[in-house]
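Letter by letter, the chains look like this.
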Amino acid sequence: MQTATLNTNKAFDVHFVRKDFPILNREVKGHRLIYFDNAATSQKPQSVIDALVHYYTQYNANVHRGIHSLAEEATAAFEATRDAVKHFINAAAREEIIYTRGTTESINLVAYSWGRQHLAQGDEVIVSGMEHHSDIVPWQIVCEEKGAQLKVIPVNEQGELELEEYRKLLSSRTKLVAVNHVSNALGTVNPIQEIIQLAHAQGALVLIDGAQSAMHLDVDVQALDCDFLAFSAHKMLGPTGMGILYGKKHLLESMPVFMGGGEMIKEVTFEKTTYNELPYKFEAGTPNIADAIAFKPAIEYINTIGKENIRKQEDLLLQHATQRLKEIEGLRIIGDNDHKVSVVSFVIDGVHPQDVGILLDNKGIAVRTGHHCVEPLMQRFCIPGTIRASFAFYNTVEEIDLMVEALQKAVKILR
Amino acid sequence: MAALENNRRMTETQSIEQIEAEIVDEFSLFENWDDKYEYIIDLGKKLPPLAEEHKKDENKVKGCQSTVWLVADYKDGKIFYQADSDAIIVKGLISMLIRVLSGHTPDEILNAKMDFINKIGNDEPSGSNPFQWITGHGKTNEELCFGI
């Protein structure tokens, strides 16, 4: 099941790596696909696709309860991913790894379970001005229910968090801080270590939305000392519908269950139900077995390529794109700072992002246009949306040059 | 109002089906999508902008990424449309919608097949029709008709 690339110890070669991603060979509108929408979802290597097919063709069975061979094989593979995730983020225990549908569900789990238990009238939750809607709305819902207040760390003109303002927002009323590691719309890498330390000094917990950082940056939950970390498999080469909530064990143990059903129980009578141990008490119902299993080869792929190689290639792409895009007259990069990863977001004077997106698609180039599910951030910059190109290590400098060329043509026609 | 009168004159003698067929014919002249888009962008640039007074919330048809303003007037048993968008390709597409529908009776509009969108987009090799999302702005024939 392993691909050629995984079996070699060669130095990173993007053209070699690309062979592991079959979709990169397809054509769109008569052009070779250029996929620059990696912040929305990454493409999948053959090993991940093979794992899905292998599961369904060889050992499809429900996990945990069966005594037959297929159920045992499925359970072993399903649980092996939990160990791979534990190592990937350096969690202290496998019980701290909860399977969810994705980052959104992970955050909702904490908001509904921990938030409902711990938030009260007058308490405060701090989020940042560059959060994805999925790290705003769950907190708004629980704050409204509990009479707590949502506070927002402002974003400066360069698309960075204003840490001095953050310090001022923190108080004994702060119960939780929820921020992303990397902004999906701008690519800004936030100083989460400092954010966590400052929150802890006030006795507040911290949830990190790691959706955009998991594939690109080193994430060590013990070194960071974050209380919760949420991320999705599909943004890091894995399948959709599979996500992770990491939580410190003592926190997860004390939290009430989020969803009732099979798997999460120890014993059920009509009088009383007792709940299963971690991690299963948060995993009600038949889980997403196939996608959980296929997440493991995705993690293995990233480990084999190495995050250092990934960052090196993506930094090269980001620098090249930033430099080339500035050649376009009237183009303004939103979030023009020097601690970014793999995302470049921009607007062009006199041209609507949607028009640019359509014309680039006509050349086989996939970028994202719009508000990127961060409407408050767009309001901060007084723009309806941006054009966002987001890169992965399998993208090339040549692809960026083709995008810039297509952009120049598009702007000429549209103006 | 000049645009409205112009619309009416153009469509007085032609049925919706005839206008649709005319547009399909025009598009058959283009050999590739670059040319089709350039034509649509040109239509968008030519569509007279909607007066600012009409660009209010009640006339907004909110799409995912761009905004369309649609104003309909009912006169002598016929409906006349004016529209605008902040995105030029969408504006070009709505210009075609206006050309097809404006100046017709509510009955004619309700019964319009509107399959020219399929026909002009169907030579796409991947099988997807780039114009399908024009309907993503969510106006059904009924809404176009009774939203006046």
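The rules behind each value
Residues numbered from 1 in each chain as written. Chains lettered and ligands numbered in written order. Predicted model: local features only at pLDDT ≥ 70, side-chain atom pairs only at ≥ 80, totals over all residues. Helix = DSSP H or I, 4+ residues; strand = E, 2+ residues; numbered from the N terminus. Buried ≥ 20, exposed ≤ 12 C-beta atoms within 10 Å, placed from the backbone. Pairing = 2+ DSSP bridges. Axes fitted to C-alpha atoms, helices over the stretch in contact; angles between N-to-C directions. Contact = placed C-beta atoms within 7 Å. pLDDT = per-residue confidence, 0-100. Domains from an automatic or database assignment. Nonpolar A, V, L, I, M, F, W, Y, C, P; charged D, E, K, R; others polar. Core = buried A, V, L, I, M, F, W, Y, C linked by C-beta atoms within 7 Å. Parallel < 35°, antiparallel > 145°, perpendicular 65-115°, else oblique. Left-handed = near helix turned anticlockwise from the far one by under 90°.

The next point concerns the overall build of chain B. Within chain B, the regular secondary structure consists of 7 helices and 3 strands. Each helix and strand of chain B, placed in order from N terminus to C terminus, yields the pattern α-α-α-β-β-β-α-α-α-α. Counting only residues that meet the buried cut, chain B has 34% of its 148 residues in that class.

Turning our eyes to something else, we now look at the sheet that holds strand E17 (residues 386–390) of chain A. To summarise the sheet geometry, strands pair through backbone hydrogen bonds and adopt either a parallel or an antiparallel arrangement. All names here are of chain A. If you walk across this open sheet you meet the 4 strands as E13-E14-E17-E16, and the pairing is antiparallel. In this open sheet, the two strands that pair with only one neighbour each are strand E13 (331–333) and strand E16 (368–370). When the angles between neighbouring strand axes are averaged without regard to direction, this sheet yields 30°. One ladder, built from 4 bridges, connects strand E14 (residues 343–348) with E17; its direction is antiparallel. Bridging across to E17, Ser 345 finds its partner in Arg 388. Those strands touched by helix H12 (residues 353–361) are E14, E16 and E17, and its axis lies near 160° from that of E16.

Opposite the 15 residues of chain A that make contact, chain B presents 14 residues. Mapped by element, the contributors of at least two residues to the side of chain A that touches chain B are H12, E16 and helix H14 (397–414) of chain A. Top element by residues in the side of chain A that touches chain B is H12(A). It accounts for 5 residues.

Let's shift gears to the pairing of strand E10 (residues 243–247) of chain A. All names here are of chain A. E10 sits mainly inside the fold: 5 of its 5 residues count as buried. In this sheet, E10 lies alongside strand E4 (residues 97–100) in antiparallel orientation, the contact comprising 4 bridges. Paired with Ile 98 across the strands is Leu 245, a residue of E10. When strand E9 (residues 228–232) meets E10, the two strands line up antiparallel, connected through 5 bridges.

Attention now moves to the confidence of the model for chain B. Across chain B, pLDDT averages 80, with 72% of residues at or above 70. Note on the complex model: pTM 0.91, ipTM 0.81.

Next up on the list: the environment of His181(A). All names here are of chain A. Looking at the element boundaries, His 181 is found in the loop between strand E7 (174–180) and helix H7 (192–201). Assessed through the 25 C-beta atoms surrounding it within 10 Å, His 181 is described here as buried. When the C-alpha atoms of His 181 and Ala 211 are compared, they prove to be 8.0 Å apart, with 30 residues separating the residues in sequence. Setting aside residues up to four positions removed in sequence, His 181 forms contacts with Val 189, Asn 190, Ile 192, Ile 208, Asp 209, Gly 210, Gln 212, Ser 213 and Leu 217.

This paragraph deals with the sheet that holds E4(A). Residue and element names in this part refer to chain A. Across the sheet, 7 strands lie side by side as E4-E10-E9-E8-E7-E5-E6; this open sheet has mixed pairing. Every other strand in the sheet has two partners, leaving E4 and strand E6 (149–153) as the edge strands with one partner each. Each strand axis lies, on average, 20° off the axis of its neighbour in the sheet, ignoring direction. Seen against the sheet, helix H3 (residues 69–89) touches E4, E9 and E10 and runs at an angle of roughly 115° to E4. Of the strands in this sheet, strand E5 (124–128), E6 and E7 touch helix H5 (residues 137–146), which is tilted by about 145° from E6.

Residues and elements named next belong to chain A. Here the domain parsing of chain A yields domain 1 (5–45 + 306–414) and domain 2 (51–303). On a C-alpha basis, the centres of domain 1 and domain 2 stand 27 Å from each other. Mapped by element, the contributors of at least two residues to the side of domain 1 that touches domain 2 are helix H11 (307–325), E14, helix H13 (375–380) and E17. Classifying every residue of the side of domain 1 that touches domain 2 gives 12 nonpolar, 9 polar and 8 charged.

Residue and element names in this part refer to chain A. Among the nonpolar cores identified, the biggest contains 154 residues, and Val 206, Leu 229, Ala 298 and Met 403 are the most heavily contacted of them. Per element, the largest residue contribution to this core is 11 residues, and it comes from helix H10 (residues 289–305). A domain-level breakdown of this core finds at least three residues from each of domain 1 (5–45 + 306–414) and domain 2 (51–303). Once residues lying within four places of it in the same chain are set aside, the contact partners of Ala 298 are Val 48, Ala 233, Met 236, Leu 237 and Gly 238.

This paragraph deals with unusual backbone geometry. All names here are of chain A. Between Leu 278 and Pro 279 the backbone carries a cis peptide bond, its omega angle lying at 0°. Looking at where Pro 279 falls in the secondary structure, it is placed in the loop between strand E12 (273–275) and H10. With a phi close to 65°, Asp 225 is a non-glycine residue in the positive phi region. As for its position among the elements, Asp 225 is in the loop between helix H8 (221–224) and E9. Even without a glycine there, the phi angle at Leu 237 is positive, about 80°. Looking at the element boundaries, Leu 237 is found in the loop between E9 and E10. Under the C-beta neighbour-count criterion, Leu 237 is labelled buried, with 30 such atoms within 10 Å.

Bringing the environment of Lys91(B) into the picture now. All names here are of chain B. Within the secondary structure layout, Lys 91 lies in helix H4 (residues 88–101). A tally of 25 C-beta atoms within 10 Å means that Lys 91 is categorised as buried. Distance in space between the C-alpha atoms of Lys 91 and Gly 44 is 4.6 Å, their sequence separation being 47 residues. In contact with Lys 91, not counting residues within four places along its chain, are Gly 44, Leu 47, Asp 84 and Ser 85.

Another point: the environment of His15(A). Turning to its location among the elements, His15(A) is positioned in helix H1 (residues 14–18). In sequence terms His15(A) and Gly187(A) are 172 residues apart; their C-alpha atoms lie 25 Å from each other.

Let's shift gears to the packing of H12(A) against H14(A). A packed helix pair is summarised by two numbers, namely the angle formed by the two axes and the spacing between the axes. All names here are of chain A. Two elements in contact, H12 and H14, have axes separated by 10 Å at closest approach and are oriented at 125°. Taken together, the axis directions place H12 and H14 in an arrangement best described as oblique. Classified by chirality, the crossing of H14 by H12 is right-handed. For the pair formed by H12 and H14, the contact residues are Asp 355, Val 356, Leu 359 and Leu 360 on the first element and Met 403, Ala 406, Leu 407, Ala 410 and Leu 414 on the second. Residue classes in the contact of H12 with H14 are distributed as 8 nonpolar, no polar and 1 charged.

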